[in-house]
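# An overview of the molecular structure
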Amino acid sequence: MAIDIIVESMYGRTRLAVMEDGRLREMYTEQAGSEKLVGNIYMGRVENVLPGMQAAFVNIGLDKNAFLYAGDLKPGPDCGFADTSVNAAQIPIQKLVKNGQEIMVQVTKEPGGAKGPRVSTHITLPGRAVVLMPTVEYVGVSRRIDEEERERLRERMTALKPEGMGAIVRTAGADATDDDLRAEIEQLSEKWREISLRARHTSAPKLIHVDETLIRRAVRDIMLKSDNARMLIEDERCYQEALAAANECAPGLSSRIERYTGKRPLFLLYDVATQAEKALMRRVWLKSGGFLVIDHAEAMTVIDVNTGKFVGSSGLEDTVARLNLEAVGEIVNQLRLRDVGGIIVIDFIDMVSQENRERVVAALKEALSHDRAKNNVVGFTGLGMLEMTRKKVFHSLRGQLTRPCRECRGEGWEYTPDVIARRALMAVRDRDCDFEEKPLLIRASGEVVRALGDIGVSRNAPVYVMEANNVRGYDISQIQDDAPKGARRLKPYREDVR
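Here we summarise the structure given alongside this text. Just so it is clear, the structure is predicted and the values come from calculations on it, not from any experiment.

The next point concerns helix H3 (residues 178-200). Between its first and last C-alpha, H3 extends 33 Å over 23 residues, near the 33 Å set by a 1.5 Å rise per residue. Among the structural elements, strand S4 (41-50), strand S7 (102-109), strand S9 (125-126), strand S10 (130-133), helix H2 (147-160) and strand S13 (206-209) are those in contact with the buried residues of H3.

Next comes the structure, spelled out in structure tokens:
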């Protein structure tokens, strides 16, 4: 499978798309002045401790305070609790932090909607092969490495890591030598010493460490894990940044980073915009003729599998099983592309056979094994729904490209023309409360204007209407005796014809 990572940077915005065999799989955007927050480290000040929620709000210098759950706190002297073996979630939050206390936190989840970012006192510093955890004493190994090798790496890392710190061996560290691991640990430890020094000489709230840029993360997290991945970059500055990141991670990577000099823009060449727009649609068609319906709710994402035009050629059970198995691949593609996180419920077409259910679950787990995001397949519920979770860290594709509708406030509905017309007439009545009846002009869409004409107006002074399709809802203004060109007067409202 050919993997192309294409990068476009212009007008203060960097866009990165991951293409697999020409199909868009992932897309990320980084805007100058509004870069991602995940991974950044701050000196924060505790603003409000909430015992009823086992949480605290921390001021890190942003518009919204960050959310700190008790389970994300490190019990210890810095938090006012000495026993490091106790799970912090079991300790009353007021014993861990106090109002006004300054603590070092790292952003683990981007802000979204009305919520601020989520933070933790468990600091992680990712490298090429190792993730250093300077605040906890723990050794872990990537689950993508087989069990036997994991145990060996765990023993090696236990001997190599600094005393009192923890470390996780990443997938790229499976083939690393002890010297490679030791050198990277020392590099990350030096970075931690610099961060700690800045923290001691900084007053909260203050940003003290910025995580890697979008391009550097792509080199580190995607190219290192894929031997056949190449990066194409239009911008010279981004190209040099990618080369520098490659030389720091693994010098051999630089041969797979190319400066694109073609006349046609990369995103146009790969048809990224069209594919991204399709990924925002509610309905996704399958090759067989079936389709998915994807609904994003506040608490979860719900995916419904439908037969559509697919009728099969054998029995019902076989037809349903085949369609569900086909749907699995597209569901995982959509989860990656849309960067869906949180609780996900999939309503597969009902299968009688337990064996077929197990086949669908196995296929889903296999497809998800290629997903870089952490996920967990729970299984089928008593109602026949499949439950799973996927870790959400960054903004989804919807969050990058869209905003809630200003008319319906993101609810997905709008008032009918008749309702808007009647609200406009009520507003006209309110205008007459000052006992100064003067000519008024209502500007609205053609549909609303026609609805106003059907209803009429109960008023002595004239009311004129004019089509204006650029107006949201309606607009009422006072005019002189002469109506503007194109306006027409509303007829009187008649009770006898209602």
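Here we come to the pairing of strand S20 (residues 375-380). The two faces of the sheet receive side chains in turn, since in a regular strand these alternate between them. The sheet contact formed by S20 and strand S21 (residues 386-390) spans five bridges and is antiparallel. Across the sheet, residue Asn376 finds its bridge partner in S21, namely Thr389. What sits between S20 and S21 in their antiparallel hairpin is a turn of five residues, with Gly384 showing a positive phi close to 85°.

How two helices pack is summed up by the angle between their axes together with the distance between the axes. Contact geometry for helix H8 (residues 316-338) and helix H9 (residues 354-368): axes closest at 9 Å, N-to-C directions at 15°. Between H8 and H9, the angle falls in the class roughly parallel. In the crossing of H8 with H9, the sense of the turn from one axis to the other is right-handed. On the side of H8, the interface is formed by Glu317, Ala321, Asn324, Leu325, Val328 and Val332, while H9 contributes Asn356, Arg359, Val360, Ala363, Leu364, Ala367 and Leu368. Of the residues in the contact of H8 with H9, the class split is nine nonpolar, two polar and two charged.

This next bit is on the sheet that holds strand S24 (residues 474-478). Taken together, the four strands give an open sheet; going across it, the order is S24-S22-S23-S25, and neighbouring strands pair in mixed fashion. Of all strands in the sheet, those bounded by a partner on one side alone are S24 and strand S25 (488-489). Relative to S24, strand S22 (residues 440-444) runs antiparallel, the two being bridged by five bridges. Of the residues in S24, the one forming a bridge with Arg443 is Asp475. The strands touched by helix H11 (residues 417-431) are S22, strand S23 (463-467) and S24; relative to S24, the strand with the most contacts, the crossing angle is about 25°.

Omega for the bond connecting Ala204 with Pro205 falls within 30 degrees of zero, at -5°, which places this linkage in the cis form. Mapped onto the elements of the fold, Pro205 is located in the loop between H3 and S13. Of note, Asp21 is a non-glycine position whose phi angle comes to about 55°, a positive value. Checked against the element boundaries, Asp21 lands in the loop between strand S2 (13-20) and strand S3 (23-31). The phi torsion at Asp339 lies on the positive side, around 55°, for a residue other than glycine. Mapped onto the secondary structure, Asp339 falls in the loop between H8 and strand S19 (342-347). Classification of Asp339 as buried rests on a relative accessible area of 10%.

A cluster of like positive charges, contributed by Arg143, Arg144, Lys225, Lys374 and Lys391, occupies part of the molecular surface. Tracing the backbone through its elements, the reader meets Lys374 in the loop between H9 and S20. Its relative accessible area of 57% is what places Lys374 among the exposed residues.

What counts, and where the lines are drawn
- Residues numbered from 1 in each chain as written.
- Predicted model: local features only at pLDDT ≥ 70, side-chain atom pairs only at ≥ 80, totals over all residues.
- Heavy atoms only, no water.
- Helix = DSSP H or I, 4+ residues; strand = E, 2+ residues; numbered from the N terminus.
- Expected span 1.5 Å × (residues − 1).
- Contact = heavy atoms within 4.5 Å.
- Pairing = 2+ DSSP bridges.
- Axes fitted to C-alpha atoms, helices over the stretch in contact; angles between N-to-C directions.
- Parallel < 35°, antiparallel > 145°, perpendicular 65-115°, else oblique.
- Left-handed = near helix turned anticlockwise from the far one by under 90°.
- Nonpolar A, V, L, I, M, F, W, Y, C, P; charged D, E, K, R; others polar.
- Buried < 20%, exposed > 50% of the residue type's maximum accessible area, 1.4 Å probe, protein only.
- Patch = residues over 30% accessible without salt bridge, like charges linked within 9 Å, V, L, I, M, F, W, Y side chains within 5 Å.
- Areas by Shrake-Rupley, 256 points an atom, 1.4 Å probe, with all protein chains shown as cover.
- Salt bridge = Lys/Arg side-chain N within 4 Å of Asp/Glu carboxyl O.
- Lys, Arg positive; Asp, Glu negative; His and termini not counted.
- Charge placed at Lys NZ, Arg CZ, Asp CG, Glu CD.

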